[in-house]
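# Reading the structure
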Amino acid sequence: AFLDAARAVGMVFRAQRLTPRDGSAAVQMTIETPAPDGQKTLTIVAQIPFTSDRKRMSVVCEIEGELMCITKGADSVMQSLCDSSLTEKSMKRIDDYARLGLRTLVVAWKAVP
């Protein structure tokens with residue numbers, strides 16, 4: 001379902017492979033985007049796994065030479081961590097899906113200085 005939703009907004013997963021990085025292995029992924037340059041390669045350099053305490057998981061990726069932290073988690077947890085609030089339209093959709101008994105996730109990202 002997650003990959004289907006990404007595809008619906010123009011993000012398509014193309015490839016994944018292990019690559020050497022700083023004496024260990026990192027995961028390198030290639031995605032196609034609706035942006036003018038079309039294709040992006042990112043390297044996952046660190047991962048903080050999901051736990052029931054955190055209710056989210058995070059990865060730190062290198063994208064075009066910059067580090068980016070991407071986190072996905074429960075809307076109840078993510079809302080308080082974001083610099084800006086989810087839109088009213090987004091919250092309505094999350095509530096609608098929850099009423100149907102579906103689990104929802106929020107994805108957020110921030111540059112790592």
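Before any of the text, the structure's been laid out above.
Taken together, the six strands give an open sheet; going across it, the order is β1-β2-β3-β4-β5-β6, and neighbouring strands pair in antiparallel fashion. In this open sheet, the two strands that pair with only one neighbour each are β1 (12-21) and β6 (106-111). The mean angle between the axes of side-by-side strands here comes to 30°, regardless of whether they run parallel or antiparallel.

This part takes up the pattern of salt bridges. Under the criterion given, the structure shown has nine salt bridges. A salt bridge links D37 to K40, with the nearest nitrogen and oxygen atoms 2.9 Å apart. Residue D37 is classed as partly exposed on the basis of its relative accessible area of 49%. Note that D83 is salt-bridged to K110, the shortest N-O span being 3.9 Å. Of the two residues, D83 sits in the loop between α2 (75-81) and α3 (88-99) while K110 sits in strand β6, which places them 27 residues apart along the sequence. Overall, the relative accessible area of 72% leaves D83 in the exposed class. Put simply, R21, D22 and E62 are held in one network by salt bridges that share partners.

Looking at the element boundaries, D37 is found in the loop between β2 (24-32) and β3 (39-48). One polar contact links D37 to K40, side chain to side chain, over a distance of 2.9 Å.

Rules behind the numbers
- Residues numbered from 1 in each chain as written.
- Predicted model: local features only at pLDDT ≥ 70, side-chain atom pairs only at ≥ 80, totals over all residues.
- Heavy atoms only, no water.
- Pairing = 2+ DSSP bridges.
- Helix = DSSP H or I, 4+ residues; strand = E, 2+ residues; numbered from the N terminus.
- Axes fitted to C-alpha atoms, helices over the stretch in contact; angles between N-to-C directions.
- Salt bridge = Lys/Arg side-chain N within 4 Å of Asp/Glu carboxyl O.
- Buried < 20%, exposed > 50% of the residue type's maximum accessible area, 1.4 Å probe, protein only.
- Polar contact = N/O pair within 3.5 Å; in protein donor to acceptor, adjacent residues only side chain to side chain.

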